[in-house]
Amino acid sequence: MLKEIGDDCAGAVRFVSPERIDDTRRSGLSPISESEIGRRLSQLESDPAAARSINDEGRFSLAGAQAKIALRLEGDSWYIPWGSEPTTHILKPPRSDFSGQAEDEHFCLKLASALGMRAAQTSVQSFAGSKAIVVKRFDRILHQGKLYRVHQEDMCQALSVGPASKYESDGGPGVADIMQIVSGSQRRLEDRDALMNAIVFNYLILGADAHAKNYSILYTSEGFILAPLYDVASFAPYVKSPKDERLAMRIDRYYKAAQIRRRHFERMARSCNYPAKKLLASLEKLALAIPAACDQVGASAIDEGLDTTFIEKLVRALKSRSQQALDTIVASPK
Ligand SMILES: Nc1ncnc2c1ncn2[C@@H]1O[C@H](COP(=O)(O)OP(=O)(O)OP(=O)(O)O)[C@@H](O)[C@H]1O
Ligand SMILES: [Mg+2]
């Protein structure tokens, strides 16, 4: 697979078969119209290969359960880069079984930013009637007019765990395993706090898909740092019964959000060699800040033209969850 489509991957690796090496030394950008992007987005659900057509020279490969398209944005125009030219953005159409999914992911990443966390920059856009969340890649940097690939690894890669075990319940990494990687960061203290905040944030918003492939590290010339948050979304608007309220990673022994109490956060902190008091203080601070931040992010989402009914439902669900966390974790001592 990588031999065929590994020209532009997550991070700075590229895979090209020997017979294509000379081709990839040349490079360029082929324009793609918004209507063609829309056509491909609408086909993706039934055919994940619709991201590229047989005549496109530029190829890409990205992980993940959802079909997606990687493209290059220059000014206001979209291109398929080929040869050594990298893509700069990822376009994911929402799943048809989760109405509001693109809005949800965009909102939650904006909320994370509003609460002081580093998060991928996104927007929700319509391409000739086909909706997508457009995510700016953080593994590409522009330096003196030239784009460079920055290497990244997700936590399964960093821990040598196969993608089939990305969920902790399938034997994959848990919070302490990921914290151990992050403890080797060049910005150790800052990144350990950032990871703990992200775990707490995913608990507060019911980010039910926050598995090990949804956390990454970015390589720098001196070492590595925790990558910004990405693929964060709340399951709260889709909950039908309390058994749906399940996290991707355990807090102490519990996946079910409703079973988690203060002592479980304390034990989880200890398993990460992290001060429990600091974790609980961050949880309280985030839970207290969520309602106003939701109002602010919600107002700008509605200004951006996002579906008001869905945003209001999401805001209500997130406010109720943060209040619940204040009642069950902060106010009750055990
Ligand atoms: N902003 C970004 N910058 C760079 N790489 C990214 C970014 N967002 C995602 N990626 C990479 O692309 C992969 C797939 O993206 P993403 O997690 O959004 O897809 P998904 O299909 O929704 O995943 P999942 O299987 O978790 O549902 C990520 O695991 C990561 O390696
Ligand atoms: Mg993902």
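Residues numbered from 1 in each chain as written. Chains lettered and ligands numbered in written order. Predicted model: local features only at pLDDT ≥ 70, side-chain atom pairs only at ≥ 80, totals over all residues. Heavy atoms only, no water.

> Would you mind showing me how to read the site of ligand 1 here?
Around ligand 1 lies a shell of 23 residues, among which Ala65, Gln66, Lys92, His211 and Asp231 are the nearest. One nitrogen or oxygen atom from the side chain of Asn214 is found 3.1 Å from an oxygen atom belonging to ligand 1. Here ligand 1 loses 96% of its free accessible area of 620 Å² to cover by the protein chains. Elements that contribute at least two residues to the shell around ligand 1 include exactly β4 (89-92) and β6 (130-136). A per-class count over the shell around ligand 1 returns nine nonpolar, five polar and nine charged. Of the domains in this structure, domain 1 (2-136) and domain 2 (150-330) are the two that each give at least three residues to the shell around ligand 1. (Near = heavy atom within 4 Å. Polar contact = N/O pair within 3.5 Å; in protein donor to acceptor, adjacent residues only side chain to side chain. Areas by Shrake-Rupley, 256 points an atom, 1.4 Å probe, with all protein chains shown as cover. Helix = DSSP H or I, 4+ residues; strand = E, 2+ residues; numbered from the N terminus. Nonpolar A, V, L, I, M, F, W, Y, C, P; charged D, E, K, R; others polar. Domains from an automatic or database assignment.)

> Can you help me understand the pattern of salt bridges in this one?
Close approach of charged atoms allows side chains of opposite charge to pair. Scanning the entire structure with this criterion turns up 25 salt bridges. Across the pair Arg40 and Glu36 runs a salt bridge, and its minimum N-O distance is 2.7 Å. Of this pair, Arg40 and Glu36 both sit in helix α3 (residues 34-44), four residues apart, roughly one helical turn. Assessed through its relative accessible area of 22%, Glu36 is described here as partly exposed. One network of salt bridges, in which partners are shared, links Asp8, Arg137, Asp139, Arg140 and Arg149. (Salt bridge = Lys/Arg side-chain N within 4 Å of Asp/Glu carboxyl O. Buried < 20%, exposed > 50% of the residue type's maximum accessible area, 1.4 Å probe, protein only.)

> Just to check I follow, could you spell out the packing of aromatic side chains for this structure?
Two numbers describe a pair of aromatic rings. These are the distance of the centres and the angle of the planes. Counting across every chain of the model gives eight aromatic pairs. Centre to centre, the rings of Phe235 and Tyr238 are 5.9 Å apart; their planes meet at 45°, and the pair counts as tilted. By way of ring pairs, the aromatic residues Phe98, Phe235, Tyr238 and Phe310 are connected into one cluster. One cation-aromatic arrangement involves Lys146 over Tyr148; the distance from NZ or CZ to the ring centre is 5.3 Å. Of note, Arg321 hangs over the ring of Tyr203, and the distance from its end group to the ring centre comes to 5.7 Å. (Phe/Tyr/Trp six-rings, centres within 6.5 Å; stacked < 30°, edge-to-face > 60°. Lys NZ or Arg CZ within 6 Å of the ring centre and 35° of its normal.)

> I would appreciate a short explanation of the sheet that holds strand β10 (residues 216-219) in the present structure.
Sheet strands line up and pair through hydrogen bonds in the backbone, either parallel or antiparallel. If you walk across this open sheet you meet the three strands as β9-β10-β11, and the pairing is antiparallel. For this open sheet the edge positions go to β9 (152-154) and β11 (224-226), each flanked by a neighbour on one side alone. Direction aside, the axes of adjacent strands within the sheet are offset by 25° on average. Two elements, β10 and β11, share three bridges in a ladder whose sense is antiparallel. (Pairing = 2+ DSSP bridges. Axes fitted to C-alpha atoms, helices over the stretch in contact; angles between N-to-C directions.)

> I tried to follow the coordination of the magnesium ion (ligand 2) on my own but got confused; where do I start?
Note on metal geometry: ideal angles are 109.5 degrees for four donors arranged tetrahedrally and 90 or 180 degrees for six donors arranged octahedrally. Distances from the magnesium ion (ligand 2) to its protein donors, Asn214 (OD1) and Asp231 (OD), fall within 2.1 Å. Taken together, the positions of Asn214 in the loop between α7 (188-205) and β10 and Asp231 in the loop between β11 and β12 (246-251) put the pair 17 residues apart, joining distant regions of the chain. Take Asp231: its relative accessible area is 24%, and that puts it in the partly exposed class. (Donors = N, O, S within 2.8 Å, 3.2 Å for Na, K, Ca; no water.)

> Got a minute to help me understand the environment of Ala287 in this structure?
Mapped onto the elements, Ala287 comes out in helix α9 (residues 276-303). Judged by its relative accessible area of 1%, Ala287 falls in the buried class. Residues Ala287 and Ile205, spaced 82 residues apart in sequence, show a C-alpha to C-alpha distance of 9.5 Å. Here Ala287 is in contact with Leu204, Ser322 and Leu326, once residues within four sequence places are set aside. (Contact = heavy atoms within 4.5 Å.)

> I'm lost on the packing of helix α6 (residues 175-182) against α7 in this one. Help?
Packed helix pairs are characterised by how far apart their axes lie and by the angle those axes make with each other. Where α6 meets α7, the closest approach of the two axes is 9 Å, and the angle between their N-to-C directions is 155°. Judged by the inter-axis angle, α6 sits roughly antiparallel to α7. For the pair α6 and α7, the crossing hand works out as right-handed. Taking contact as the criterion, the partners of Val175, Ile178, Met179 and Val182 in α6 are, on α7, Asp191, Arg192, Leu195, Met196 and Ile199. (Parallel < 35°, antiparallel > 145°, perpendicular 65-115°, else oblique. Left-handed = near helix turned anticlockwise from the far one by under 90°.)

> Looking at this structure, I do not really get a nonpolar patch on the surface. What am I missing?
A cluster of nonpolar side chains, namely Leu2, Val13 and Phe15, defines an oily patch on the protein surface of about 220 Å² accessible area. Summarising the element assignment, Val13 is placed in the loop between α1 (2-5) and α2 (21-25). (Patch = residues over 30% accessible without salt bridge, like charges linked within 9 Å, V, L, I, M, F, W, Y side chains within 5 Å.)

> Where do I start with the sheet that holds strand β3 (residues 77-82) in this structure?
Pairing is antiparallel across the open sheet formed by six strands, whose spatial order is β1-β3-β2-β4-β6-β5. Either end of the sheet is taken by a strand with one partner, and the two such strands are β1 (28-31) and β5 (122-127). Here the average twist between neighbouring strands, direction ignored, is 45°. Bridge count for β4 against β6 is four bridges, and the pairing is antiparallel. Across the sheet, the residue bridging to Lys92 is Ile133, located in β6. In the packing of helix α4 (residues 101-114) onto the sheet, the strands contacted are β4, β5 and β6, and the crossing angle to β5 comes to about 155°.

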